[in-house]
Amino acid sequence: MEYRILGPVQIGTGGQEDALGGTKQRTTFAALVVADGRAVSDDCLGRLLWDDRPPATAAAQIHTYASRIRRRLAPGSQLLRSRAGYRLVAGPEAVCDHRLFAEHSRAGLGALRSQQYPLAAERLAAALALWRGEALADTTDLLVEAERPALEEARLEALEGWVEAELILGRHRQLIPELTRLVTRHPMRERFRALLMTALYRSERQAEAMSLYRDGRRILVDELGVEPGRLLVRTYEAILSGEVRSLMPHQLA
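Every value quoted in this text rests on a predicted model; they were computed, and no experiment measured them.

**Student:** Hey, could you run me through the overall build of the protein chain in this one?
**Tutor:** In terms of helices and strands, the protein chain carries 10 helices and seven strands. Taken along the three principal axes of its C-alpha coordinates, the protein chain extends 65 × 40 × 25 Å. Split into buried and exposed, the 253 residues of the protein chain put 45% on the buried side. Side chains of the protein chain give 35 positive and 33 negative charges; the mean places of these two sets differ by 3 Å.

Here you go:
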């Protein structure tokens, strides 16, 4: 059985997907999953469900959501009442997708640092494959605002690592379309831009790589009033000197 929050919030079992009813019940379940076994107070759940305007029946409604969730859990999992809150203990038959993502991502980034590039690409690809859309979809905006940024940052870090491993393995031409999309979506994220510059240069597109640097510098100066960071500058300098073919992206940081 899978507890899924990296996309629409669901409990998956035997090929079936349980969307857990309405938005507030999904939000309650997702908040408990994200807490990773820590207790979530009624007050916290109330804020995530109703902001600062909880109804008089808030405690009773949370109790109802908890009871419904409890009936859907994997064997061995427990939803425990903990003082003025609830704590979800995932049993051995339950797989939490965000925990599995973190495990694959941690292993993949470690392999990248130790120059085990095929392993890094494999583990990071496995981590990214767990994402089925935007994390915490179909929950309240309050939960999304509280928890999605950290999850999304972890996804982007894993994606950067996967691209770097693939680039080191010589797949620069295949990476250019995806990297172009990523730079467009995240114009201020300098590592994506540096990786695309490297891929372009290694694909005999030096002029485009240099233009990409100039575009990035203009965006940073005009919108943030800052110069490019060390990684972007050193990538640009390596392209100018021709060293980028022998240097790996992480060596430019």
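Now that the structure is up, let's keep going.
**Student:** Sorry, what's going on with the pattern of salt bridges here?
**Tutor:** Opposite charge on two side chains lets them pair, provided their charged atoms get close. All chains considered together, the criterion is met by 18 salt bridges. A salt bridge links Arg53 to Asp52, with the nearest nitrogen and oxygen atoms 3.1 Å apart. By the burial criterion, Arg53 is exposed, and Asp52 matches it. Its salt-bridge partner being Arg189, residue Glu160 comes within 2.7 Å of it at the nearest N-O pair. Highlighted residues: Glu160 in helix α6 (residues 141–168) and Arg189 in the loop between α7 (172–185) and α8 (190–202), separated in sequence by 29 residues. Its relative accessible area of 6% is what places Glu160 among the buried residues. Here the salt bridges do not stand alone but share partners, grouping Glu153, Glu160, Glu164, Arg189 and Arg191 into one network.

**Student:** Looking at this model, I keep getting lost on the pairing of strand β6 (residues 85–89). Mind explaining?
**Tutor:** Side chains on a regular strand alternate between the two faces of the sheet. As judged from the two bridges shared by strand β4 (residues 40–41) and β6, these two strands associate in the antiparallel manner. The residue bridging Ser41 from the neighbouring strand is Gly85, located in β6. The turn linking strand β5 (residues 78–81) back onto β6 is made up of three residues, and Arg83 within it adopts a positive phi angle of 50 degrees.

**Student:** I would appreciate a short explanation of the sheet that holds β4 in the present structure.
**Tutor:** Pairing between the strands of a sheet is mediated by backbone hydrogen bonds and can be parallel or antiparallel. Ordered in space as β4-β6-β5, the three strands form an open sheet in which the pairing is antiparallel. Because the sheet does not close on itself, it has two edges, and the strands there are β4 and β5. Packed on one face of the sheet, helix α3 (residues 58–70) meets β5 and β6 and runs near 15 degrees to β6.

**Student:** For this particular structure, what's the right way to read the packing of α8 against helix α10 (residues 230–241)?
**Tutor:** The description of two helices packed together rests on the angle between their axes and the distance between the axes. Interaxial distance between α8 and α10 falls to 9 Å at its minimum, and their mutual angle equals 10 degrees. It follows that α8 is roughly parallel to α10 by the angle criterion. Residue-level inspection shows Glu190, Arg191, Arg193, Ala194, Met197, Thr198 and Tyr201 of α8 in contact with α10, the latter providing Leu231, Leu232, Thr235, Tyr236 and Ile239. Classifying every residue of the contact of α8 with α10 gives seven nonpolar, two polar and three charged.

How each quantity is defined
Residues numbered from 1 in each chain as written. Predicted model: local features only at pLDDT ≥ 70, side-chain atom pairs only at ≥ 80, totals over all residues. Heavy atoms only, no water. Helix = DSSP H or I, 4+ residues; strand = E, 2+ residues; numbered from the N terminus. Buried < 20%, exposed > 50% of the residue type's maximum accessible area, 1.4 Å probe, protein only. Lys, Arg positive; Asp, Glu negative; His and termini not counted. Charge placed at Lys NZ, Arg CZ, Asp CG, Glu CD. Salt bridge = Lys/Arg side-chain N within 4 Å of Asp/Glu carboxyl O. Pairing = 2+ DSSP bridges. Contact = heavy atoms within 4.5 Å. Axes fitted to C-alpha atoms, helices over the stretch in contact; angles between N-to-C directions. Parallel < 35°, antiparallel > 145°, perpendicular 65-115°, else oblique. Nonpolar A, V, L, I, M, F, W, Y, C, P; charged D, E, K, R; others polar.

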